[in-house]
Amino acid sequence: MTTTVKAPRPAGPPAGPRGGTSAGAGARARVRRTVRVTRIILRTTAVNIRGRLEYPGDFAFEIIFGILWQTSTLAFAAVLITRFDGLGDFPNGGVLLIVGMRLMSHGLFTMVFGNLSDQLLELVEEGRVEGYFLRPMSVLTQILISRFNINALGDFFVGVTVCAMAVAQAPVDWTAGAVLYLGAAIAGGVFLEAAVQLPLAALLLRSPFAHGVGKWIDDIMATIGNYPLSILPVVLRGIFTYLLPLAFVAYFPVLVLLDREPDHGPLAWLAQWSPAVCVLLFLVAKRFWNWNLRHYQSNGG
């Protein structure tokens with residue numbers, strides 16, 4: 001027997017003096033709610049980190065494990081610098097920039113959204129998701145702050161190291177605009193990876209099979225994402241641009257930074273506006289998540 005659990009319907013904005021809706025009061029209420037939720041998120045994250053620091057050896061080991069997990073990436077970067085001038089038509093500085101940006105985006109994604117793949121299956125199987133519907137905070141936010149992934153710090157540190165090496169070698173004029181675009185692209189990579197994993201997390205609410213699919217896609221992104229897509233056959237380039245949009249994480253932004261993006265056509269627009277496309281895809285994925293959440297059925301009786 002299954003039980004349908006519906007999220008509580010949020011109250012609307014306060015009515016104005018004539019029964020209408022006060023736009024100003026509603027906006028102030030939304031700002032206050034955003035500030036309150038942000039404080040809760042920061043406090044909960046701080047509590048999670050302090051709790052993990054109660055076992056400093058375990059805390060340090062997880063960071064070291066995250067760094068060791070990327071040993072192959074560091075070895076690839078070292079070989080590329082010492083033995084080759086580039087990969088395909090990409091200079092080695094450009095390839096390192098792809099690797100560094102992807103790792104930084106992945107590390108930040110794991111810190112913020114990692115529970116979608118690492119924790120959600122356990123929450124669903126144990127029936128703990130149901131309690132999240134009863135609290136005055138979005139279910140997604142509660143899932144994301146339920147645990148802090150310490151090992152993501154190792155991924156992020158490796159990404160920063162590789163990105164620093166790339167900045168020193170890539171033939172890029174690092175103006176203020178280029179630095180801002182680099183930061184926006186790294187943030188966009190976080191949203192793109194979340195846009196890929198969030199629909200799978202939504203399906204995980206219905207079937208545990210989605211967990212294996214999510215891990216498989218994560219492995220593909222970790223492997224293919226470290227290389228310029230120009231070295232792949234045309235069919236695979238199309239798949240990783242339109243079906244599994246890995247190109248938006250680092251490949252397209254690096255093309256823009258190297259001034260190698262297409263001069264015209266839809267790919268030129270997509271490459272230049274990669275960070276915005278990543279955010280748009282995330283918003284679409286979040287709508288799919290919310291739709292599935294409204295139809296969530298509990299495992300309990």
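Residues numbered from 1 in each chain as written. Predicted model: local features only at pLDDT ≥ 70, side-chain atom pairs only at ≥ 80, totals over all residues. Heavy atoms only, no water.

S.K.: Account for a positive patch on the surface, naming residues and giving values.
M.R.: On the surface, Arg28, Arg32, Arg33 and Arg36 cluster together into a positively charged patch. Within the secondary structure layout, Arg36 lies in helix 1 (residues 23-53). Look at Arg36 and you get partly exposed, because its relative accessible area is 48%. (Patch = residues over 30% accessible without salt bridge, like charges linked within 9 Å, V, L, I, M, F, W, Y side chains within 5 Å. Areas by Shrake-Rupley, 256 points an atom, 1.4 Å probe, with all protein chains shown as cover. Salt bridge = Lys/Arg side-chain N within 4 Å of Asp/Glu carboxyl O. Lys, Arg positive; Asp, Glu negative; His and termini not counted. Charge placed at Lys NZ, Arg CZ, Asp CG, Glu CD. Helix = DSSP H or I, 4+ residues; strand = E, 2+ residues; numbered from the N terminus. Buried < 20%, exposed > 50% of the residue type's maximum accessible area, 1.4 Å probe, protein only.)

S.K.: How would you explain the side chain of Arg102 if you had to name every residue and give the values?
M.R.: Structurally, Arg102 can be placed in helix 4 (residues 92-113). Buried and unpaired, Arg102 has Glu193 as its nearest opposite-charge partner, separated by 5.4 Å.

S.K.: Lay out the layout of surface pockets in plain terms, naming residues and giving numbers.
M.R.: Estimated volume of the second largest pocket: approximately 630 Å³. Taken together, 24 residues form the lining of the second largest pocket, with Trp69, Gln70, His106, Asp218 and Ala222 sitting closest to its centre. Those elements giving two or more residues to the lining of the second largest pocket turn out to be helix 2 (56-69), helix 3 (71-83), helix 4, helix 5 (115-118) and helix 11 (209-224). Considering every element that reaches the lining of the second largest pocket, the biggest residue donor is helix 11, with five residues. Its residues placed into classes, the lining of the second largest pocket shows six nonpolar, 12 polar and six charged. (1 Å grid on protein atoms, 1.4 Å probe; cavity = no way out; pocket = protein on both sides within 12 Å on 5 of 7 lines; lining within 4 Å. Points joined across faces, edges and corners; volume = space filled by probe spheres on them. Nonpolar A, V, L, I, M, F, W, Y, C, P; charged D, E, K, R; others polar.)

S.K.: Requested: an account of the pattern of salt bridges, with residues and values cited.
M.R.: Proximity of charged atoms lets side chains of opposite charge pair with each other. One pass over the structure, following the stated rule, counts one salt bridge. Across the salt bridge formed by Glu122 and Arg128, the nearest N and O atoms sit 3.6 Å from each other. We classify Arg128 as partly exposed; its relative accessible area is 36%.

S.K.: Just give me the short version of the packing of aromatic side chains, but keep the residues and values in it.
M.R.: With the rule as written, the count across this model stands at seven aromatic pairs. Ring centres of Phe156 and Phe157 lie 6.5 Å apart, and the angle between their planes is 55°; this geometry places the pair in the tilted category. Linked through ring pairs, Phe90, Phe248, Tyr251 and Phe252 together constitute an aromatic cluster. Here Arg260 stacks its cationic end above the ring of Phe90, 5.8 Å away from the centre of that ring. (Phe/Tyr/Trp six-rings, centres within 6.5 Å; stacked < 30°, edge-to-face > 60°. Lys NZ or Arg CZ within 6 Å of the ring centre and 35° of its normal.)

S.K.: Tell me about a nonpolar patch on the surface, residues and numbers included.
M.R.: On the surface, a cluster of nonpolar side chains totalling about 380 Å² of accessible area is made up of Val235, Leu236, Ile239 and Leu243. Looking at the secondary structure, you find Leu243 in helix 12 (residues 234-243).

S.K.: Report on the nonpolar core, specifying residues and quantitative values.
M.R.: Counting 54 residues, the largest nonpolar core has Phe90, Leu97, Met101, Met221 and Tyr251 as the members making the most contacts within it. Residue assignment for this core shows that the elements contributing at least two residues are helix 2, helix 4, helix 9 (152-169), helix 10 (176-204), helix 11, helix 13 (251-257), helix 14 (266-272) and helix 15 (274-294). Considering each element in turn, this core owes the most residues, nine residues, to helix 4. Leaving out residues up to four positions away in the same chain, Met221 has contacts with Arg102, Leu192, Glu193, Val196, Leu244, Leu246 and Val249. (Core = buried A, V, L, I, M, F, W, Y, C linked by side-chain atoms within 4.5 Å. Contact = heavy atoms within 4.5 Å.)

S.K.: Outline the environment of Ile64, listing residues and values.
M.R.: Among the secondary structure elements, Ile64 is positioned in helix 2. As for Ile64 and Asp155, which are separated by 91 residues in sequence, their C-alpha atoms are 9.5 Å apart.

S.K.: Now, about helix 2: what can you tell me, with residues and values included?
M.R.: Taking 1.5 Å of rise per residue, 14 residues should cover 20 Å, and helix 2 covers 20 Å from first to last C-alpha, within 8% of that figure. Those residues of helix 2 not exposed but buried are Phe59, Glu62, Ile63 and Gly66. Along helix 2, the residues classed as buried sweep out an arc of 95° about the axis, all on the same side. Facing away from the buried side of helix 2 by over 90 degrees, the exposed positions are Gly57, Phe61 and Leu68. (Expected span 1.5 Å × (residues − 1). Arc of directions from axis to C-beta.)

S.K.: Tell me about the packing of helix 4 against helix 9, residues and numbers included.
M.R.: Helix 9 packs onto helix 4 with a crossing angle of 155° between their chain directions and a minimal axis gap of 7 Å. Comparing the axis directions of helix 4 and helix 9 gives the class roughly antiparallel. Seen from above, helix 4 lies across helix 9 with left-handed handedness. A per-class count over the contact of helix 4 with helix 9 returns 16 nonpolar, eight polar and one charged. (Axes fitted to C-alpha atoms, helices over the stretch in contact; angles between N-to-C directions. Parallel < 35°, antiparallel > 145°, perpendicular 65-115°, else oblique. Left-handed = near helix turned anticlockwise from the far one by under 90°.)

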